[in-house]
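Structural characterization, general
Spelled out, the chains give:
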Amino acid sequence: MATARQPKTDTDGNGAVTKDGAKYWRMADALRGSMDAAEYKHVVLGLVFLKYISDAFEERHAEVLAEWGEDAAEDRDEYIAENIFWVPPEARWQYLKNQTRQPTIGTLVDGAMIAIERDNPVLKDVLPKDYARPALDKTRLGQVVDMVSNIKVGGAEARATDVLGSVYEYFLEQFALAEGRKGGEFYTPRSVVRLLVEMLEPYQGRVYDPCCGSSGMFVQSVDFIRAHASGNGNGGKAKGDVSIFGQESNYTTWRMARMNLAIRGIEGRIEHGDSFHNDRHPDLRADYILANPPFNVSDWGGERLRDDKRWEYGVPPAGNANFAWVQHFLHHLAPRGIAGFVLANGSMSSNQSGEGEIRKNIIEAGLVDCIIALPGQLFRSTQIPACLWFLSKGRLNGEHREHRDETLFIDARKLGHMLDRTRRDLSPDDISFVADAYHAWRGSMDGYEDVPGFCKSAKLEEIRKHGHVLTPGRYVGAAPQEQDGEPFEEKMAQLSAKWREQQAEAHRLDAEIEANLSRLGFGR
């Protein structure tokens, strides 16, 4: 049975991300000095991106030069045809590296970024172009250029093993840690993204994230498809393509999202703007939605959207955007679409400002497929406990009919391992353990069974009895206690003796404290 297997702990589920990224992060962080992490982030990531496209260009340049000569090596079409960005002479890395000791290095880097955007329209308005600003120490900038020069990220071998993806992703996470909550808004832990992707299996169709941050959901979706492209028992369905649609309200984060996709050769329509007030994909009906909207946002402008057509299940409170996001997702789902997203735990039980009524209406509409309680300490930017929601319109259109009036509850709070004193992570086995239970329940794997303390398929009637509260702990019950085989009488004798010992020790300590107080003049 799929849910019977117990997860194992993997102390480094991120593999190369940690190995490659940590080495270069230590070098980069040493050069940061007193510069604010939010500012330094764009300095470093922009240069890493520039180094990537320059590496790929130089490798192709050498091939064309050797085979066809100098004129062909400067023909832009020779690069575009191979899906490699054209890098004009003034933007090539070696040219910049030769100028790292010059006071004009900032102006030269800005000029390189402008030239690349000019000759590669897909990157228009994406790259940072403020390296010449007076506040940026040019000596330090030259040192960063030298440091990035040591990273070979754009050659064929590096691209095949996604060295840049590893470095870039690790840097994003570390900047989220350095910046705290504000910086972490755009970063979703890799293991949480992997869990969402493994649950939804977005092999083909339209994938949408209206609060896409740095595009981590999209990167993991495409990586998932590539990992399964050989079949792996999937009957070839993994070979389909996905179309990517996203939106991000923060301009600098939007640029980062575009770069994050570009370094992996992923195309997508990533728009800039507020999804609530300026929906750039108004007619999109997505097959999959993956998202991590910001938790409990109070200033989302809800008072200006009281009559919005998206609020089919109730008007969300102006003081909390959680159920505005939920209904935005539902509005953009295709008739058989499915959404998986992160929300604060309060969304499962809150009855404030009409949230309970909205949740009830969504449940009664038969849309809630699965709810997962996540372990604490997964998110770097907030200590607010989080959960995963899965909403499916396919339930209304004939999919897994045997569970049409049921919701799967999974309590994953005991899973994961500590990376350090404050940060927890989910291992690949943890992720498979949860995803397998879900797929078994949906009928795509061997038969599903409830596992006390872990998962429960609850009927609508039971959810109603709990007042439409969706907290998994209310449904899954307690895990069975392991029996140690010791006879009850013997165990009780040991426990009684231990209790009496502790009582005697407590009396001794009380007497000692009383004596000390008497010596100090505070006796009875």
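Here, every reference points to the structure presented above.
Residues numbered from 1 in each chain as written. Predicted model: local features only at pLDDT ≥ 70, side-chain atom pairs only at ≥ 80, totals over all residues. Heavy atoms only, no water.

All right, on to helix H13 (residues 251-262) then. Between the first and last C-alpha of H13 there are 17 Å, a value that for 12 residues agrees with the 16 Å anticipated at 1.5 Å per step. Burial of H13 is extensive: 10 of the 12 residues sit out of reach of the surface. The set of residues buried in H13 consists of Thr253, Trp254, Arg255, Met256, Ala257, Arg258, Met259, Asn260, Leu261 and Ala262. The opening residue of H13 is Asn250, an N-cap whose side-chain oxygen sits 2.9 Å from the backbone nitrogen of Thr253. (Helix = DSSP H or I, 4+ residues; strand = E, 2+ residues; numbered from the N terminus. Expected span 1.5 Å × (residues − 1). Buried < 20%, exposed > 50% of the residue type's maximum accessible area, 1.4 Å probe, protein only. Polar contact = N/O pair within 3.5 Å; in protein donor to acceptor, adjacent residues only side chain to side chain.)

The subject of this paragraph is the packing of aromatic side chains. By the definition in use, this model includes 17 aromatic pairs. Judged by centre distance (5.4 Å) and plane angle (55°), the rings of Tyr79 and Trp86 are tilted. Members of the aromatic cluster, joined through ring pairs, are Phe276, Trp300, Trp311, Phe323, Trp325, Phe329, Phe341 and Trp389. For the cation-ring pair, Arg92 lies above Trp86, with the distance from its terminal atom to the ring centre recorded as 5.4 Å. (Phe/Tyr/Trp six-rings, centres within 6.5 Å; stacked < 30°, edge-to-face > 60°. Lys NZ or Arg CZ within 6 Å of the ring centre and 35° of its normal.)

Turning to unusual backbone geometry, a few remarks are in order. Only a minority of non-glycine residues have a phi that is not negative, and only a minority of peptide bonds are not trans. Even without being a glycine, Ser353 presents a positive backbone phi close to 50°. Relative to the helices and strands, Ser353 resides in the loop between strand S5 (333-344) and helix H15 (355-364). Residue Ser353 is classed as exposed on the basis of its relative accessible area, which comes to 56%. For His468, which is not glycine, the phi torsion reads 60° and is therefore positive. By secondary structure assignment, the location of His468 is in the loop between helix H17 (460-465) and helix H18 (473-476).

Let us now look at H15. Among all positions in H15, only Glu355, Gly356, Ile358, Arg359, Ile362 and Ile363 are buried. Seen along its axis, H15 keeps its buried residues to an arc of 160°; they face one direction. Directly after H15, the chain includes Gly366, whose backbone phi takes a positive value near 75°. (Arc of directions from axis to C-beta.)

Each packed pair of helices is defined by two parameters, the angle between the axes and the distance between the axes. Closest axis-to-axis distance for the helix H11 (residues 190-200)/helix H12 (residues 216-227) pair is 9 Å, and the angle between their directions is 55°. Taken together, the axis directions place H11 and H12 in an arrangement best described as oblique. At the point where H11 passes H12, the crossing takes the right-handed sense. Contact residues: Arg190, Val193, Arg194, Leu196, Val197 and Glu198 in H11; Gly216, Met217, Gln220, Ser221 and Phe224 in H12. Partitioned by chemical class, the residues of the contact of H11 with H12 number 5 nonpolar, 3 polar and 3 charged. (Axes fitted to C-alpha atoms, helices over the stretch in contact; angles between N-to-C directions. Parallel < 35°, antiparallel > 145°, perpendicular 65-115°, else oblique. Left-handed = near helix turned anticlockwise from the far one by under 90°. Contact = heavy atoms within 4.5 Å. Nonpolar A, V, L, I, M, F, W, Y, C, P; charged D, E, K, R; others polar.)

A separate point is the nonpolar core. Core analysis: the largest hydrophobic core is formed by 52 residues, its most contacted members being Met199, Ile372, Leu388, Phe390, Ile410, Val434 and Phe454. The greatest single-element share of this core, amounting to 8 residues, is contributed by helix H16 (residues 428-442). Among all residues touching Met199, those that are not within four sequence positions of it are Cys370, Ile372, Phe390, Val434, Ala435, Tyr438 and His439. Among the nonpolar cores identified, the runner-up in size contains 46 residues, and Ala72, Tyr79, Ala91 and Leu96 belong to it. (Core = buried A, V, L, I, M, F, W, Y, C linked by side-chain atoms within 4.5 Å.)

Moving on to the packing of helix H14 (residues 322-331) against H15. Running from N to C, H14 and H15 point in directions that differ by 25°, and their axes come no closer than 11 Å. One finds that H14 runs roughly parallel with respect to H15. Viewed along their axes, H14 and H15 form a crossing whose handedness is left-handed. Residues Phe323, Val326, Gln327 and Leu330 of H14 pack against Glu355, Ile358, Arg359 and Ile362 of H15. Grouping the amino acids of the contact of H14 with H15 by side-chain chemistry returns 5 nonpolar, 1 polar and 2 charged.

Once that is clear, we can look at the pairing of strand S2 (residues 242-248). Where burial is concerned, most of S2 is hidden: 5 out of the 7 residues are buried. When strand S1 (residues 205-209) meets S2, the two strands line up parallel, connected through 5 bridges. Paired with Tyr208 across the bridge in S2 is Phe245. For S2 and strand S3 (residues 269-272), the ladder comprises 4 bridges, and the chain directions are parallel. Opposite Glu248, over in S3, you have His272 as the bridge partner. Running through H13, the crossover from S2 to the neighbouring parallel element S3 is right-handed. (Pairing = 2+ DSSP bridges. Right-handed = clockwise from strand over helix to strand, strands pointing away.)

We now examine the side chain of Ser350. Looking at where Ser350 falls in the secondary structure, it is placed in the loop between S5 and H15. On the basis of relative accessible area, Ser350 is assigned to the buried category, the value being 14%. Setting aside chain neighbours within four positions, we find Ser350 in contact with Glu355, Gly356 and Arg359.

Moving on, we come to the pattern of salt bridges. If you walk through the whole model with that rule in mind, you get 23 salt bridges. Put simply, Glu271 and Arg280 hold a salt bridge, and the shortest N to O gap is 3.3 Å. Judged by relative accessible area, Glu271 falls into the buried class, the value being 18%. Overlapping salt bridges bring together Arg60, Glu63 and Glu78 as one network. (Salt bridge = Lys/Arg side-chain N within 4 Å of Asp/Glu carboxyl O.)

Let us look at the sheet that holds strand S4 (residues 286-291). Here we have 9 strands laid out as an open sheet, ordered S3-S2-S1-S4-S5-S7-S6-S8-S11, and mixed in their pairing. Unpaired on one side and paired on the other, S3 and strand S11 (455-459) mark the two borders of the sheet. Between one strand axis and the next, the sheet turns through 15° on average, direction left out of account. With 2 bridges joining them, S1 and S4 adopt parallel strand pairing.

Once that is clear, we can look at a nonpolar patch on the surface. Taken together, the side chains of Ile513, Leu517, Leu520 and Phe522 define a hydrophobic patch exposed on the protein surface, amounting to about 440 Å² of accessible area. Position of Phe522 among the secondary structure elements: in the segment after helix H19 (488-519). By relative accessible area, which is 61% here, Phe522 ends up exposed. (Patch = residues over 30% accessible without salt bridge, like charges linked within 9 Å, V, L, I, M, F, W, Y side chains within 5 Å. Areas by Shrake-Rupley, 256 points an atom, 1.4 Å probe, with all protein chains shown as cover.)

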